[in-house]
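What follows is the residue order along each chain.
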Amino acid sequence: MAANVAIGIAKFVGAYISGSSAMLSEGIHSVVDSVNEVLLLYGLKQSEAGSDEQYPLGRSQELYFWSLMVAVLIFALGGGVSVFQGVRSLQSPEVASSPFVSYCVLIAAAFFEGAALIFSIKEFKKNQTNPDLGLWRAIRQSKDPSAFIVIVEDSAALVGLVIAFMGVWLSELTGNPLYDAISSISIGFLLTVVAIALVAKTKGLLVGESASPENRDSIKNIVRSDDAVSDSEPPITLHLGPTDVMLALNIEFKDELSADEIEGAVRRIEKKIRETHTDVKRIFIEAASIK
């Protein structure tokens, strides 16, 4: 966040000195990134609140809500304002001055954004349960928006810096400010595409996504392998947060078992599930006849 604030200030100074529309769009991009990180931090803090009478299942989904707000901000402030700035530059084109300042700022920003991206990818991979998954497939399957949003934002920032650099360079080379304006619009469209993808992903998490197929199969095998179980329906899972899964089970126990034996089986199944899947925080088991 501190790096983004510093980079954003440098971009705005560079935009003021050079008059580059692309530089101004990149400055707006950094401001949006900084605000987004504040919202994600707030969401993380709120999601850690425990359960109470008002929120019996806790507030883990706060993170998903604020992640959706982040995606909306990228769309509205990042994409919309950048496109607007580019269109305005097309209507009143001005040749940018002092392009050397823009180059220096963009190169420095690329260095810091690249370092941030490498760090965020390492942290993301460190917390992955399946290291064999490719990065983008792991991001698609991830339930933690505070991790994958940062990676997506940093990747978009690097692409935006390349677009801004090309716009400034082509405008200087040809003396035509059209390229600078087009690069600003392109940055806006880039952020819009990123925002739409993040909205789709975070919307699914907020509405309620189940655990991964591998985890559901594992839970089903644990239940059906117990000697007291004669049959069971597929487990119902719901991600309330990245590491907060609610589980509902409908189990048919063997007819000859007593109430005490069924109670013991329920405790045994719950214990094994919690030991194997530490993200399962709440388990609801219904003993019923399954036909």
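A short tour of the structure in this document, coming up. This is a predicted model, so every value here is computed, not measured.

Quick look at the overall build of the chain now. Of the regular secondary structure elements, the chain holds 9 helices and 4 strands. The secondary structure elements of the chain, listed N-terminal to C-terminal, are α-α-α-α-α-α-α-α-β-β-β-α-β. Here the C-alpha atoms of the chain give a radius of gyration of 25 Å, more than 25% beyond the 19 Å that 2.2 N^0.38 yields for 291 residues. With respect to the three principal axes, the spread of C-alpha positions in the chain is 90 × 40 × 30 Å. Relative to its 291 residues, the chain shows a buried fraction of 43%. The long-range fraction of contacts in the chain, counting pairs at least 24 apart against all pairs at least 6 apart in sequence, stands at 74%.

Across all of its chains, the model carries 7 salt bridges by this definition. Between Glu209 and Lys143 there is a salt bridge, with the nearest N and O atoms lying 2.7 Å from each other. With Glu209 in the loop between helix H7 (178–207) and helix H8 (213–224) and Lys143 in the loop between helix H5 (135–141) and helix H6 (145–174), this pair connects stretches of sequence that are 66 residues apart. Using a relative accessible area of 21% as the deciding quantity, one classes Glu209 as partly exposed.

Here the focus is a nonpolar patch on the surface. On the surface, Met1, Val5, Ile9, Val13, Tyr16, Ile17, Val38 and Leu41 cluster together into a nonpolar patch covering about 790 Å² of accessible area. Elements that contribute at least two residues to the nonpolar patch include exactly helix H1 (2–18) and helix H2 (21–47). The element best represented in the nonpolar patch is H1, accounting for 5 residues. Its location among the elements puts Val13 in helix H1.

Going through the model one piece at a time under the given rule, you end up with 4 aromatic pairs. Ring centres of Tyr42 and Trp66 lie 5.3 Å apart, and the angle between their planes is 85°; this geometry places the pair in the edge-to-face category. One end of the pair, Tyr42, is in helix H2; the other, Trp66, is in helix H3 (residues 62–91), and 24 residues separate them in sequence. Through successive ring pairs, a cluster of aromatic residues spans Tyr42, Phe65 and Trp66. Stacked on the ring of Tyr55, the Lys or Arg Arg59 has its end atom at 4.7 Å from the ring centre.

Moving on, we get to the pairing of strand E3 (residues 244–253). Within E3, 8 of the 10 residues are buried, which leaves the element mostly enclosed by the surrounding structure. Note that strand E1 (residues 229–232) and E3 share 3 bridges and pair antiparallel. Looking at the pairing, Val229 lines up with Phe253 of E3. In the sheet, strand E2 (residues 236–241) pairs with E3 via 5 bridges, with the strands oriented antiparallel.

Conventions adopted
Residues numbered from 1 in each chain as written. Predicted model: local features only at pLDDT ≥ 70, side-chain atom pairs only at ≥ 80, totals over all residues. Heavy atoms only, no water. Helix = DSSP H or I, 4+ residues; strand = E, 2+ residues; numbered from the N terminus. Rg over C-alpha atoms; globule rule 2.2 N^0.38 Å. Buried < 20%, exposed > 50% of the residue type's maximum accessible area, 1.4 Å probe, protein only. Contact = heavy atoms within 4.5 Å. Salt bridge = Lys/Arg side-chain N within 4 Å of Asp/Glu carboxyl O. Patch = residues over 30% accessible without salt bridge, like charges linked within 9 Å, V, L, I, M, F, W, Y side chains within 5 Å. Areas by Shrake-Rupley, 256 points an atom, 1.4 Å probe, with all protein chains shown as cover. Phe/Tyr/Trp six-rings, centres within 6.5 Å; stacked < 30°, edge-to-face > 60°. Lys NZ or Arg CZ within 6 Å of the ring centre and 35° of its normal. Pairing = 2+ DSSP bridges.

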